[in-house]
2 protein chains.
Amino acid sequence: MYDMTIRLRTDSGKCLYEQIYEHIRKEISYGKLLTGEKLPSTRFLAEYLQVARSTVDYAYGQLLDEGYIEARPCKGYFVCPVKELFQMEEEKRETGQAAWTESKRSHEKTRTESGESRGGDQTGMEAVRQEPLVEEGGRSAAFSAPCQYDFSPYGIDMSGFPFDTWRKITKNILTYANGDLFSRGGPQGDLQLRQTISRYLHSSRGVNCSPDQIIVGAGNDYLLLLLEKILGRHVRIAMENPTYARSYRIFRSFAYDIVTVDMDENGMRPGRLEQERVRCAYVMPSHQFPAGTVMPIGRRLELLKWACGGPDRYLIEDDYDSEFRYRGKPIPALQASDEQGRVIYIGSFSKAIAPAIRISFMVLPKPLLEKYKRDCFFYSCTVSRIDQSILNVFMRDGYFERHLNKMRKIYKAKHEMLLEELRPFRKKFRISGENAGLHLLLTARDQTKEHELVRKAAEKGVRVYGLFDSMAEPGDEAGRDAREKTEGTAGVFEGATVLLGFGGLDSKEIQEGIERLKEAWL
Amino acid sequence: MYDMTIRLRTDSGKCLYEQIYEHIRKEISYGKLLTGEKLPSTRFLAEYLQVARSTVDYAYGQLLDEGYIEARPCKGYFVCPVKELFQMEEEKRETGQAAWTESKRSHEKTRTESGESRGGDQTGMEAVRQEPLVEEGGRSAAFSAPCQYDFSPYGIDMSGFPFDTWRKITKNILTYANGDLFSRGGPQGDLQLRQTISRYLHSSRGVNCSPDQIIVGAGNDYLLLLLEKILGRHVRIAMENPTYARSYRIFRSFAYDIVTVDMDENGMRPGRLEQERVRCAYVMPSHQFPAGTVMPIGRRLELLKWACGGPDRYLIEDDYDSEFRYRGKPIPALQASDEQGRVIYIGSFSKAIAPAIRISFMVLPKPLLEKYKRDCFFYSCTVSRIDQSILNVFMRDGYFERHLNKMRKIYKAKHEMLLEELRPFRKKFRISGENAGLHLLLTARDQTKEHELVRKAAEKGVRVYGLFDSMAEPGDEAGRDAREKTEGTAGVFEGATVLLGFGGLDSKEIQEGIERLKEAWL
């Protein structure tokens, strides 16, 4: 390992993280740190330099983002091949071949992370922030045993994706698309796609909406930004505890007042909504993330009753993975029970097709639609008409349905195998969140701590995800406080709980990973 | 014309616009209004029903957006073929062929509107809002003479676009893109594309930035939404008067305090910035929209001096059409003169490639980059990695440069022809804003009013755009007030001023259009 001595100056006008960043960058530039060389862990370096861990996190984040170093999951940070980087300025234009080679390299990698739908903290700075999860067990554990089995709840299986169909549709569309498709379309998205989506939502989710109520946008994050402009700046919003971290951060970046509401086995407890005078509640009734709860109709009606009990109250329904249900009839969306126009429905194709396609949609109830048209209609659509057309044909011509049916079978098989493999765990763990989505939960029946489970798994080369780590990012004190106050929810998950995602692993990996977890936990 | 009697009720619980909307929708559904039939103008119907014009505007906007009616520029509103709409629910899935036919129909249309870069108020509700521009001259004028020559400043020429190259690149990328490209990339966009953009900006605009400072996003509107999260909620921002209406509306939707600052022939007058205690100033130094001014280096340095004169002050440089300059050396960006990190640079490919590609970028100065990484890094990128890769190859392999050179020649020829054709106008009009961009300005030397020029042109079938109508939407009282108070700017444009865009017209259309304008104005 290279000499880590960095002369940190408090009088240089440069903040500490910048000094660390620059030092390492120079070390790489001057060839003192070589390609493939491992950097010290952020915790180790922080202790060594006597600075805050977050300072080193920021420095590494910057280096990551600029492409000097790369994060290998569960392994640490390594120096990238930098020749390319430093030739950047002089770089001659290469032939077109280079890009194909680049893409070719990833040809074999057929599984990917669905960042959009749930999580997606795998890149750049976020990767750094998640690192503590793995390092928790001490440096030796995290860095000696490489993580071979990642039970990420954000993983999806791209091996079943009909690439050829997608290519064919794209080719056909581009062949005839000389004019209109290269112009900017309407702000809500193309009517044809919205018609297709509204039909799909009606038949598969029971959602009642006209194409006019649909707004197409490049990802849920963007749609929430737009929703802020529609709902207004000062909104008191209720979220379940635990909830989906990305949405939590987004609402926090809006400076919304976030009220975390405890869950019972049916989801959000409606009592506090009235009491806390919230205006909106964000829920995932089909399959709550991360708790895996399916909200029964009784609770749904309670929430709708609350929403109808005051002016301008709304439920935001994030229907992120409702396509995947493995038992019984599909459960309709909450919006399907809404007769008063109180539900804002948000869906995405990230889990069902691919995170890359960056197409989400939002169904606005009539009063908000008016507000949108009055106040936000000048925001242009963020999805290109070409991409909208490809998706439209993919859905309209039945490919989407076929793909969903295929994936449902694939995921169902993985889900059943995982449950089967988990049989020996049932004595020590309670299993929940099954029969839907791409993850389930294990809750310890004894006094084990969440981080112990995570650490012991990591020691065996397996990455699992702690339930409460999904609530807020590590190091985020507000979030930590919030989650430590959750006695109500702690009641539901009596005991340490981890998430096991199965979307991104094949059956062999699931079997081997669970074998390792047996060694770790049983 | 059909019977317009609509029984409006004040006790029905439905607002007036909804009643009008529903009435007309039913008339269409029941076949009382037939395909291709013309609706009354909004002004006429509003007078007839004794309701506000905006009420009818909203009703028409809704019908437009749902596809019941269509707006034909300068002609009015017509009932769409509705068979498709009403078969929607029962509609059987058609074969893939349908979409190709749909696209084929637009095959011939090779020119399009660049909504992203400047304006783009051509769709849905916006079209309604812009209608008064045309109707100003009275119903007879607008509706009797069809508008054949649209000198839209937002028009671009797509006939020179290398569709084949674009298709080939897309095909090549999709051929090898099985894995990574279908996953979500980093929040700022792919490093390769950012490297390519940073090289391009350096060589063509003199912009100094590392790829790390670049954020790729789906359009300027989205990037401004993100910028709001970085700059914070309460920003006092200066904008030139007149300025680009879309940005004005966006900043207003942020509830930013907007200070409109008068221009002289060099652009924004810096005096009031200090005086008004603004924190940010939004400028277009390369070619101001709509005034066409190029900001000289002296004024640029004054603005930079202001920005450096206080903490946390920034200039937002919107470099929307800098690619097109027809005389002398290219003028570097304002960012190129910025040594203190006070300029936020925003660029887009809407004008230079096509509005459809929905890729813009923002260059953040270091202090804001830190804020972005701290507070906004979880917002996922709004552009798919596939689209990013296509653009990257297009730029990296020299196609973009070739395309720009070609378009520069095409636009230069149109620009020169337009100037030549305008020779007879010079006695009555002052011409300005030439030698750059896709529009120039005509200012009357006599006492003619702006709306008279617009009306007289419309009577001859020519659409021109009033200078002050670009400042704020018609019917927007705040904007109207603002623009009526602009004595300072009125000093620069002493006399009625109209914009003549030439991007979307071919040379024959330019000649014929100007011929008509001669009849109208001279």
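Heads up: the structure comes first, above all this text.
Here the structure is a predicted model, which is why all the values come from computation and not from measurement.

Sorry, what's going on with the overall build of chain A here?
Along its length, chain A carries 20 helices and 18 strands. Burial status across chain A gives 63% buried among its 522 residues. Within chain A, residue pairs in contact and separated by at least 24 positions form 75% of the contacts whose partners lie at least 6 positions apart. Approximately 19500 Å² of chain A is accessible, and the part contributed by carbon and sulfur atoms is 47%.

Help me understand the pattern of salt bridges in this model?
A pair can form between side chains of opposite charge whenever their charged atoms are brought close. By the definition in use, this model includes 50 salt bridges over all chains. Where Glu-302 of chain A meets Arg-299 of chain A, a salt bridge forms, and the shortest distance between an N and an O atom there is 3.3 Å. Of the two residues, Glu-302 of chain A and Arg-299 of chain A both sit in helix H13 (residues 297–308), 3 residues apart, roughly one turn of that helix. Take Arg-299 of chain A: its relative accessible area is 8%, and that puts it in the buried class. Note that Asp-164 of chain B and Arg-167 of chain B form a salt bridge whose closest N and O atoms lie 2.6 Å from each other. In this pair, Asp-164 of chain B and Arg-167 of chain B are both assigned in helix H8 (residues 163–176), 3 residues apart and thus about one turn of the helix distant. On the basis of relative accessible area, Asp-164 of chain B is assigned to the exposed category, the value being 57%. Taking the relative accessible area as the measure of exposure, Arg-167 of chain B reaches 19% and is therefore buried. Shared partners join several salt bridges into a network, and the residues in it are Glu-228 and Lys-229 of chain A together with Glu-228 and Lys-229 of chain B.

So what exactly am I meant to see when it comes to the sheet that holds strand S12 (residues 343–348) of chain B here?
The strands making up a sheet are joined through hydrogen bonds of the backbone, oriented either antiparallel or parallel. Residue and element names in this part refer to chain B. Read across the sheet, 8 strands follow the order S6-S13-S12-S11-S10-S7-S8-S9 without closing on themselves; strand pairing throughout is mixed. Taken across any chain shown, the strands that pair with only one partner, and hence form the sheet edges, are strand S6 (214–217) and strand S9 (267–268). Relative to strand S8 (residues 257–264), strand S7 (residues 236–241) runs parallel, the two sharing 6 bridges. Residue Ile-237 lies in a different strand from S8, and its bridge partner there is Ile-258. Seen against the sheet, helix H10 (residues 220–231) touches S6, strand S10 (280–283), strand S11 (314–318), S12 and strand S13 (360–363) and runs at an angle of roughly 30° to S13.

What's the story with the environment of Asp-212 of chain B in this structure? I'm lost.
Residue and element names in this part refer to chain B. Mapped onto the fold, Asp-212 is located in the loop between helix H9 (191–205) and S6. Accessibility expressed as a relative area gives 1% for Asp-212, which makes it buried. Separated by 24 residues in sequence, Asp-212 and Gln-188 have C-alpha atoms that sit 8.1 Å apart. One polar contact links Asp-212 to Lys-373, side chain to side chain, over a distance of 2.8 Å.

Hey, could you run me through the sheet that holds strand S10 (residues 280–283) of chain A in this one?
Residue and element names in this part refer to chain A. Taken in spatial order, the 8 strands make up an open sheet running S6-S13-S12-S11-S10-S7-S8-S9, and their pairing is mixed. Two strands close off the open sheet at either side, each with one partner strand: strand S6 (214–217) and strand S9 (267–268). Bridging between strand S7 (residues 236–241) and S10 involves 3 bridges; their strand directions are parallel. Considered in S10, the bridge of Ala-238 is made with Ala-281.

Explain the pairing of strand S11 (residues 314–318) of chain A to me, please; I cannot follow it from the model alone.
Successive side chains on a regular strand alternate, one facing one side of the sheet and the next facing the other. All names here are of chain A. Counting buried positions along S11 yields 5 of 5 residues, so the element is predominantly enclosed. Neither face of S11 is exposed, since Tyr-314, Ile-316 and Asp-318 on one face and Leu-315 and Glu-317 on the opposite face are all buried. Looking at chain direction, S10 and S11 are connected through 4 bridges and run parallel. Note that in S11 the partner of Ala-281 across the bridge is Leu-315. As judged from the 4 bridges shared by S11 and strand S12 (residues 343–348), these two strands associate in the parallel manner.

What is the right way to look at unusual backbone geometry in this model?
What is expected of a backbone is that most residues other than glycine have negative phi and most peptide bonds are trans. At the junction of Asn-241 of chain A and Pro-242 of chain A, the peptide bond is cis and its omega measures out at 5° in the coordinates. Looking at the element boundaries, Pro-242 of chain A is found in the loop between S7 and helix H11 (245–253). Phi angles above zero are rare outside glycine, and Ala-255 of chain B is one such case at about 60°. By the secondary structure assignment, Ala-255 of chain B is in the loop between helix H11 (245–253) and S8. What makes Ala-255 of chain B partly exposed here is its relative accessible area of 34%. In this structure, Arg-358 of chain B takes a positive phi of about 50° despite not being glycine. Topologically, Arg-358 of chain B is positioned in the loop between S12 and S13.

Cut-offs applied
- Residues numbered from 1 in each chain as written.
- Chains lettered and ligands numbered in written order.
- Predicted model: local features only at pLDDT ≥ 70, side-chain atom pairs only at ≥ 80, totals over all residues.
- Heavy atoms only, no water.
- Helix = DSSP H or I, 4+ residues; strand = E, 2+ residues; numbered from the N terminus.
- Buried < 20%, exposed > 50% of the residue type's maximum accessible area, 1.4 Å probe, protein only.
- Contact = heavy atoms within 4.5 Å.
- Areas by Shrake-Rupley, 256 points an atom, 1.4 Å probe, with all protein chains shown as cover.
- Salt bridge = Lys/Arg side-chain N within 4 Å of Asp/Glu carboxyl O.
- Pairing = 2+ DSSP bridges.
- Axes fitted to C-alpha atoms, helices over the stretch in contact; angles between N-to-C directions.
- Polar contact = N/O pair within 3.5 Å; in protein donor to acceptor, adjacent residues only side chain to side chain.

By themselves, these are just geometric observations and shouldn't be taken as functional.
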